[in-house]
Amino acid sequence: LHIPGRSTALLQMEQHPDRLGWLEQVQGILSTCGVQTKIDTRYRNPSSIGNRILPGGTYHTLRSLNYVEFVSDRQRWYPNLNQEKKPRKVVPQDIRLTPLVVAHWFCGDGRGGDAK
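The rules behind each value
- Residues numbered from 1 in each chain as written.
- Predicted model: local features only at pLDDT ≥ 70, side-chain atom pairs only at ≥ 80, totals over all residues.
- Heavy atoms only, no water.
- Helix = DSSP H or I, 4+ residues; strand = E, 2+ residues; numbered from the N terminus.
- Buried < 20%, exposed > 50% of the residue type's maximum accessible area, 1.4 Å probe, protein only.
- Contact = heavy atoms within 4.5 Å.
- Areas by Shrake-Rupley, 256 points an atom, 1.4 Å probe, with all protein chains shown as cover.
- Pairing = 2+ DSSP bridges.
- Axes fitted to C-alpha atoms, helices over the stretch in contact; angles between N-to-C directions.
- pLDDT = per-residue confidence, 0-100.
- Core = buried A, V, L, I, M, F, W, Y, C linked by side-chain atoms within 4.5 Å.
- Arc of directions from axis to C-beta.
- Phe/Tyr/Trp six-rings, centres within 6.5 Å; stacked < 30°, edge-to-face > 60°.
- Lys NZ or Arg CZ within 6 Å of the ring centre and 35° of its normal.

Here's the deal with the overall build of the protein chain
Then comes step 1: Regarding its fold elements, the protein chain presents 3 helices and 5 strands.
Then comes step 2: When the elements of the protein chain are put in sequence order from the N terminus, they spell out β-α-β-β-β-β-α-α.
Then comes step 3: Each of the 116 residues in the protein chain was classed as buried or not, and the buried ones make up 23%.
Then comes step 4: Summarising the internal contacts of the protein chain: among those between residues at least 6 apart in sequence, 60% fall at separations of at least 24.
Then comes step 5: A total of about 8200 Å² of accessible surface is found on the protein chain, and carbon and sulfur atoms cover 54% of it.

This is how it looks when you write it as structure tokens:
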């Protein structure tokens with residue numbers, strides 16, 4: 001699968017400062033797979049996604065280099081990427097939901113660290 005105009009893609013995750021340890025754990029896992037990443041600290045203005053309010057403030061962002069291998073994975077998770085203005089994520093049918101996968105999915109959603 002190919003995304004027209006894109007020969008590479010990257011992985012990016014933004015998390016509340018309370019979740020820096022989890023981001024560092026993900027960074028270590030990716031490193032063992034040969035994926036180079038860095039973690040930056042950034043300021044984000046308040047925004048919203050649908051009914052969800054995203055508070056502003058300081059956040060940590062894990063970002064990989066661009067890899068050609070990520071293009072087909074992005075197409076799997078966002079099959080309507082080129083047909084929709086805001087493509088919706090679709091969970092691939094062949095994903096294996098192990099306890100570790102579910103734990104990382106839950107942590108990576110970003111919920112829980114924002115509310116005090």
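Quick notes on the sheet that holds strand β5 (residues 57-64)
Then comes step 1: The 3 strands lie next to each other as β1-β5-β2, forming an open sheet whose pairing is antiparallel. Unpaired on one side and paired on the other, β1 (12-15) and β2 (37-44) mark the two borders of the sheet. Geometrically, the sheet is characterised by an average inter-axis angle of 25° between neighbouring strands, direction not taken into account.

Let's talk about the confidence of the model for the protein chain
Then comes step 1: On average, residues of the protein chain score 83 in pLDDT, and 89% of them reach the 70 mark or higher.
Then comes step 2: Within the model, the stretch residues 112-116 combines pLDDT values under 50 with 10 contacts to residues more than four positions away or in other chains.

A short note on the pairing of β5
Then comes step 1: Of all 8 residues that make up β5, 6 are buried, and the element is covered over most of its length.
Then comes step 2: Strand direction decides the pairing type here: β2 and β5, joined by 8 bridges, are antiparallel. The residue bridging Ile39 from the neighbouring strand is Leu62, located in β5.

Brief notes about the nonpolar core
Where a protein is soluble and globular, its nonpolar side chains tend to be buried together.
Then comes step 1: Core analysis: the biggest nonpolar cluster contains 10 residues, these being Ala9, Trp22, Leu23, Val26, Leu30, Val35, Leu62, Tyr67, Phe70 and Val71.
Then comes step 2: Listing elements by their share of this core, those giving two or more residues are α1 (20-32) and α2 (69-77).
Then comes step 3: Sort the elements by how many residues they give to this core and α1 lands first, with 4 residues.
Then comes step 4: The residues touching Leu23, leaving out its near neighbours within four places in the chain, are Met13, Gln15, Ile39, His60, Thr61 and Leu62.

Focus on α2
Then comes step 1: Within α2, the full set of buried residues consists of Phe70, Val71 and Gln75. Within α2, the buried residues cover an arc of 140° as seen down the axis, which keeps them to one side.
Then comes step 2: On its buried side, α2 packs onto β5.

A look at the packing of aromatic side chains
Then comes step 1: Applying the stated criterion across every chain, the model contains 2 aromatic pairs.
Then comes step 2: An angle of 75° between the planes, with centres 5.9 Å apart, marks the rings of Trp77 and Trp105 as edge-to-face. Highlighted residues: Trp77 in helix α2 and Trp105 in helix α3 (residues 99-108), separated in sequence by 28 residues.
Then comes step 3: Look at Trp77 and you get partly exposed, because its relative accessible area is 22%.
Then comes step 4: Between the NZ or CZ atom of Arg44 and the centre of the ring of Tyr59, over which it lies, the distance is 3.8 Å.
Then comes step 5: Between the NZ or CZ atom of Arg74 and the centre of the ring of Tyr78, over which it lies, the distance is 4.8 Å.

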